[in-house]
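Take a look at the letters that make up each chain.
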Amino acid sequence: MFEVAVIEDAAAAQVSLDPVRARLLAALAEPASAATLAGRVGLPRQKVNYHLKALERHGLVELVEERRKGNATERVMRATAASYVISPVALAAVAPDPARSPDALSARWLLAVASRLVRDVGRLVVAAAKARRRVPTFTIDGEVRFASAADRAAFATRLAEAVTALAGEYHDESADGGRVHRLIVAMHPYVPSETDLEPEGTP
């Protein structure tokens, strides 16, 4: 099972967004049969089987083992990943295009760039999994608390200058066998997660 899987097919995306099937995917982080799942989610086994077939058809769940139970065979299934990301490829006709309106200070342009990031890294992850190789990536995720909007603007200017200087130092257009990497630096207001909003003393 992968930690994160990328959904590129529109039909698979539609299947994963169904509330019942999303619950089944979450429940299948651990292998289970339709009968076991029915007890967990409070649905009839026949209905669970129907949804499992749809999920399996789109590669969202996989067979772990088959067990004989009397005259019947019980299929034990598992989700193919702990979590899923839907790539903009699934909405190819209306996927954001960062080249359309570049603007370093636009939140919507940031969304377009982030969408391209999901699309590109998703494709790399899928290809790397097939080739059983790792994708050479690097990520920094942090927080900065600014005292004022002026400080934030000054930080952004210095960050852009530093990144531009560093990229200029290492960029080699004529390197034989060199490989181009995309570099994205983004900054946006912090959005609290659900756990951040829990009251103090919550276990």
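Summary of the structure given here. In this text, all values refer to a predicted model and were calculated from it rather than measured experimentally. (Residues numbered from 1 in each chain as written. Predicted model: local features only at pLDDT ≥ 70, side-chain atom pairs only at ≥ 80, totals over all residues. Heavy atoms only, no water.)

**Topic: the pattern of salt bridges**
Where charged atoms of side chains with opposite charge meet at close range, the side chains can pair. As enumerated under the stated definition, the model contains six salt bridges in all. The partner of Glu-56 in a salt bridge is Arg-75, with the nearest N and O atoms 3.0 Å apart. With Glu-56 in helix H4 (residues 45–57) and Arg-75 in strand S4 (residues 72–79), this pair connects stretches of sequence that are 19 residues apart. Taking the relative accessible area as the measure of exposure, Glu-56 reaches 27% and is therefore partly exposed. (Salt bridge = Lys/Arg side-chain N within 4 Å of Asp/Glu carboxyl O. Helix = DSSP H or I, 4+ residues; strand = E, 2+ residues; numbered from the N terminus. Buried < 20%, exposed > 50% of the residue type's maximum accessible area, 1.4 Å probe, protein only.)

**Things to note about helix H5 (residues 107–131)**
Between its first and last C-alpha, H5 extends 36 Å over 25 residues, near the 36 Å set by a 1.5 Å rise per residue. Structurally, the start of H5 carries an N-cap: the backbone nitrogen of Arg-108 is 3.2 Å from a side-chain oxygen of Ser-106. Backbone geometry just after H5 places Arg-132 at a positive phi near 55°. (Expected span 1.5 Å × (residues − 1). Polar contact = N/O pair within 3.5 Å; in protein donor to acceptor, adjacent residues only side chain to side chain.)

**Thoughts on the sheet that holds strand S3 (residues 61–69)**
Reading across the sheet, the three strands line up as S2-S4-S3 and stay open at both edges, with antiparallel pairing between neighbours. A single partner strand is all that each edge strand has here, and the edge strands are strand S2 (32–33) and S3. One ladder, built from eight bridges, connects S3 with S4; its direction is antiparallel. What sits directly across from Val-61, in S4, is Ala-79. (Pairing = 2+ DSSP bridges.)

**Notes on the environment of Leu-43**
Residue placement: Leu-43 occurs in the loop between helix H3 (34–41) and H4. C-alpha separation for the pair Leu-43 and Val-20, spaced 23 residues apart in sequence, amounts to 9.5 Å. Beyond its immediate stretch of four places on either side in the chain, Leu-43 contacts Val-20, Ala-38 and Val-48. (Contact = heavy atoms within 4.5 Å.)

**Considerations on the nonpolar core**
Membership of the largest hydrophobic core comes to 22 residues, with the highest contact counts inside it found for Leu-28, Leu-37, Val-48, Leu-52 and Leu-55. Within the residue set of this core, elements represented by two or more residues are helix H1 (10–17), helix H2 (19–27), H3, H4 and S4. Examining the composition of this core, we find that four residues originate from one element, H3, more than from any other. In contact with Leu-55, not counting residues within four places along its chain, are Val-15, Arg-21, Leu-24, Leu-25, Leu-60 and Val-61. (Core = buried A, V, L, I, M, F, W, Y, C linked by side-chain atoms within 4.5 Å.)

Honestly, that's just the spatial picture; any functional story needs more than this.
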